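# Structure assessment
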Amino acid sequence: MDIPTKYKQSFALFACFLSISAFSQSGNNFKVTLDAGHGAKDYGAIKNNFVEKNIALAVSLKVGKLLEKQPKVDVIYTRNSDVFIELVERANIANHAKSDLFVSIHCNSNDNSEAFGTETYVMGLTKTKSNLQVAKTENEVITLEPDYKLKYAGYDPKSPESLIGITLIQEENLLQSMSVASVIQDNFKMQLNRKSRGVKQAPFMVLHKTAMPSVLIEMGFISNKNEGAYLNSEEGQNEIAKSIADAIMNYKKEYFGGTSIENRIDKEALRVEKPKEVVIPAKQDTSKTVAAKTTESKKPEEKKPEVKIEANSKGILFKVQISASGTKLDLTPGNFKGLKNVSVISEGNLYKYMYGSSDNYETAKQQLAEAKAKGFTTAYLIAFKNGKKVTLQEALK
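Here the structure is a predicted model, which is why all the values come from computation and not from measurement.

Rules used in this analysis
- Residues numbered from 1 in each chain as written.
- Predicted model: local features only at pLDDT ≥ 70, side-chain atom pairs only at ≥ 80, totals over all residues.
- Heavy atoms only, no water.
- Phe/Tyr/Trp six-rings, centres within 6.5 Å; stacked < 30°, edge-to-face > 60°.
- Helix = DSSP H or I, 4+ residues; strand = E, 2+ residues; numbered from the N terminus.
- Buried < 20%, exposed > 50% of the residue type's maximum accessible area, 1.4 Å probe, protein only.
- Lys NZ or Arg CZ within 6 Å of the ring centre and 35° of its normal.
- Salt bridge = Lys/Arg side-chain N within 4 Å of Asp/Glu carboxyl O.
- Pairing = 2+ DSSP bridges.
- 1 Å grid on protein atoms, 1.4 Å probe; cavity = no way out; pocket = protein on both sides within 12 Å on 5 of 7 lines; lining within 4 Å.
- Points joined across faces, edges and corners; volume = space filled by probe spheres on them.
- Nonpolar A, V, L, I, M, F, W, Y, C, P; charged D, E, K, R; others polar.
- pLDDT = per-residue confidence, 0-100.
- Contact = heavy atoms within 4.5 Å.
- Axes fitted to C-alpha atoms, helices over the stretch in contact; angles between N-to-C directions.
- Parallel < 35°, antiparallel > 145°, perpendicular 65-115°, else oblique.
- Left-handed = near helix turned anticlockwise from the far one by under 90°.

## Re the packing of aromatic side chains
Where two aromatic rings form a pair, the distance of their centres and the angle of their planes describe that pair. Applying the stated criterion to the full structure yields 7 aromatic pairs. With 5.2 Å between their ring centres and 45 degrees between their planes, F336 and Y353 make a pair best called tilted. Taken together, the residues span a long stretch of sequence, with F336 in the loop between β9 (316-325) and β10 (342-347) and Y353 in strand β11 (residues 350-358) at a distance of 17 residues. Exposure class is identical for F336 and Y353. Each is buried. Taken together, the ring pairs connect F30, Y251, Y255, F256 and Y380 into an aromatic cluster. Stacked on the ring of Y43, the Lys or Arg K53 has its end atom at 4.4 Å from the ring centre. Above the plane of the ring of F116 lies K195, whose end atom (NZ or CZ) is 5.1 Å from the centre.

Listed below in structure tokens is the structure:
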């Protein structure tokens, strides 16, 4: 029997709510699937003698080591060595494990060698040319699978039109995915002084097939010699892994309870075995061609002015983020299920809508409960310090 789409979506949202409730009541471990992009015959991007599959694997293992030390956290790897895993199988691994979060780790590349910075993607249908190009390049790995024409019938990884045709089954997880992605980008910017290119949406096949909140991280451009050297270094990988692990634990704390990750990095404990040197195929074209924008400075600094938020004398202010959208809405109660005192900030291509405002954490938690009672079940707290967005952990210090 065919079930109408609106009932399917309602059931999916209800199931998502039940799964979160069941987690908190049963005390089950929080499960994270870490997906190191590419592997074996799929090298990913190769630029300046930096190989994407090796960097992605090293960082993924380091993130896993940090998370494995945390209480009530289980880590699942789609690969922990140099092997080829089909895209659909990566999602299947996370689905079969009933993971609460899926994190795919990659490096970026561009014909413009001056391009640099980090960006984190969530599943979405977009017509933005640069986002489509990144998704198209990541999805082309399916052509290395022997039976891909049967497995992905009707899907052409080289066609942007085919990408737009993907059915969005992750809609119910979008807000949680954006929540994780935003913290990852904030951590890169505030903890590591990296350039943030923002949170973006694109139709990635590996995210499309997952049944939980999912993000795909482009850690930086190996086509940029300076950034590539940082991504390929032990120090750079340790720092990046810590920022990603921080964001994951922040998500766990916000949605499932628990504590944040400790600040100290045990460099020796994070050491992973370096992949063996590989012979780079001479004719392989593995560059990730992203539509070039304006020429970027080599200094990793944000040129956009920070959004100023009025704060108290202590400089700390809490708000409740209730939604994020590519559409700008009038801040009237009718658009937000009757909630008043709604504000908005613009970050990249997204408008982030916030309810309430308080310099008191307990009051902010009450406002969070109010928002959830109104139907914003995926709402969460965000913080500002002296008018600039900071992580919740930093504000609570």
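## Comments concerning the pattern of salt bridges
Tallying each qualifying case throughout the model produces 9 salt bridges. Close ionic contact of E119 with R197 constitutes a salt bridge, the shortest N to O distance being 2.9 Å. Note that E119 is positioned in strand β6 (residues 118-123) and R197 in strand β7 (residues 196-202), a separation of 78 residues in sequence. Residue E119 is classed as buried on the basis of its relative accessible area, which comes to 1%. Put simply, K200 and E119 hold a salt bridge, and the shortest N to O gap is 2.9 Å.

## Focus: the pairing of strand β8 (residues 214-221)
Among the 8 residues of β8, 8 are classified as buried, and the element is accordingly described as predominantly covered. Pairing geometry for strand β5 (residues 101-108) and β8, over 6 bridges, is parallel. Looking at β8, one finds that F102 is bridged to S214. Pairing between β6 and β8: 3 bridges, direction antiparallel. Each bridged residue has a counterpart across the sheet, and for Y121 the counterpart in β8 is L216.

## Notes on empty space enclosed by the protein
Rolled over the atoms, a probe with the dimensions of a water molecule shows which regions are left empty. Throughout the structure, instances matching the rule amount to 3 cavities of 30 Å³ or more. If you add up the space inside the largest cavity, you get close to 170 Å³. What lines the largest cavity is a set of 18 residues, among which V183, N250, Y380, L381 and I382 lie closest to the centre. If you list the elements that add at least two residues to the lining of the largest cavity, you get α7 (174-192), α10 (234-256), β12 (380-385) and β13 (388-390). When the residues that make up the lining of the largest cavity are grouped by side-chain class, the tally is 11 nonpolar, 4 polar and 3 charged.

## What about the confidence of the model for the chain?
Of all residues in the chain, 65% have pLDDT values of 70 or greater, and the mean over the chain is 75. Across residues 127-132, where pLDDT falls below 50, the model places 16 contacts with residues more than four positions away in sequence or in other chains. Long-range and interchain partners of residues 159-170, a stretch whose pLDDT sits below 50, account for 34 contacts in this model, where long-range means more than four residues apart.

## Considerations on the environment of I222
Mapped onto the elements, I222 comes out in the loop between β8 and α9 (225-232). The spatial distance from the C-alpha of I222 to the C-alpha of V51 is 8.1 Å, given a sequence separation of 171 residues. In this structure, I222 is in contact with A45, I46, K47, N48, F50, E52, I55, C107, N108, G228 and L231, ignoring residues within four places of it in sequence.

## Here we look at the packing of helix α2 (residues 52-68) against α10
Two numbers describe how α2 lies on α10: the axes approach to 8 Å, and their chain directions differ by 50 degrees. Here α2 lies oblique to α10, going by the angle between them. α2 and α10 meet at a crossing whose hand is right-handed. Within the contact between the two elements, α2 uses I55, A58, V59, K62, V63, L66 and L67 and α10 uses E234, Q237, N238, I240, A241, K242, I244, A245, I248 and M249.

## Things to note about unusual backbone geometry
The phi dihedral of A40 is positive, around 55 degrees, even though this residue is not glycine. A residue is classified by how much of its surface remains accessible, and A40, at 23% relative accessible area, is partly exposed. Not every positive phi belongs to a glycine, and N193 is a case in point at roughly 55 degrees. Relative to the assigned elements, N193 resides in the loop between α7 and β7.

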